[in-house]
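Structural overview
These are the residues of each chain, in order.
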Amino acid sequence: MRILALDIATITGWAMGAQSGIWDLSAYTNKPHEICRRVKMGIETYSVELVVFERVMGLQGNAVRVLNQMNGGMMVACGAMKIPFIGYAPTEIKKHATT
């Protein structure tokens, strides 16, 4: 299964198989739109079958609002492309990585 993994933030980390990189979204005023565009592009480029991402946890104020909006942009992209997505808590990711 071809999985696109995302660590969504103003500088979003992504990985697809052995390839990885970052999307620097700091200059964009409409971050949800830009992440939607880039996720769609990633899905098309790599024939992605599933998107996984780190859920927003433990943040407050403006930071949680912006990250939730960016997650929404990612979800819109997945919905438009009919690709399932799954969010994981940071503790779930850490537990899997260390066992």
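Rules used throughout
- Residues numbered from 1 in each chain as written.
- Predicted model: local features only at pLDDT ≥ 70, side-chain atom pairs only at ≥ 80, totals over all residues.
- Heavy atoms only, no water.
- Phe/Tyr/Trp six-rings, centres within 6.5 Å; stacked < 30°, edge-to-face > 60°.
- Helix = DSSP H or I, 4+ residues; strand = E, 2+ residues; numbered from the N terminus.
- Expected span 1.5 Å × (residues − 1).
- Buried < 20%, exposed > 50% of the residue type's maximum accessible area, 1.4 Å probe, protein only.
- Arc of directions from axis to C-beta.
- Contact = heavy atoms within 4.5 Å.

Here we take up the packing of aromatic side chains. For the structure on display, the rule yields 3 aromatic pairs. On the numbers, 6.3 Å between centres and 50° between planes, the contact of F53 with F85 is tilted. Of this pair, F53 sits in strand β4 (residues 50-54) while F85 is found in strand β5 (residues 85-88), placing the two residues 32 residues apart along the sequence. An aromatic cluster is built from W14, W23 and Y46, whose rings are joined through pairwise contacts.

This next bit is on helix α2 (residues 61-81). With 21 residues, α2 should reach 30 Å at 1.5 Å per residue; the first-to-last C-alpha distance of 31 Å fits that figure. Among all positions of α2, only L67, M70, N71, G73, M74, A77 and C78 are buried. Projected down its long axis, α2 carries its buried residues within an arc of 150°, all on one side. Summarising the contacts, the buried residues of α2 are in contact with β1 (3-7), β2 (11-16), α1 (31-46), β4 and β5. Phi for K82, located one or two positions after α2, is positive at around 60°.

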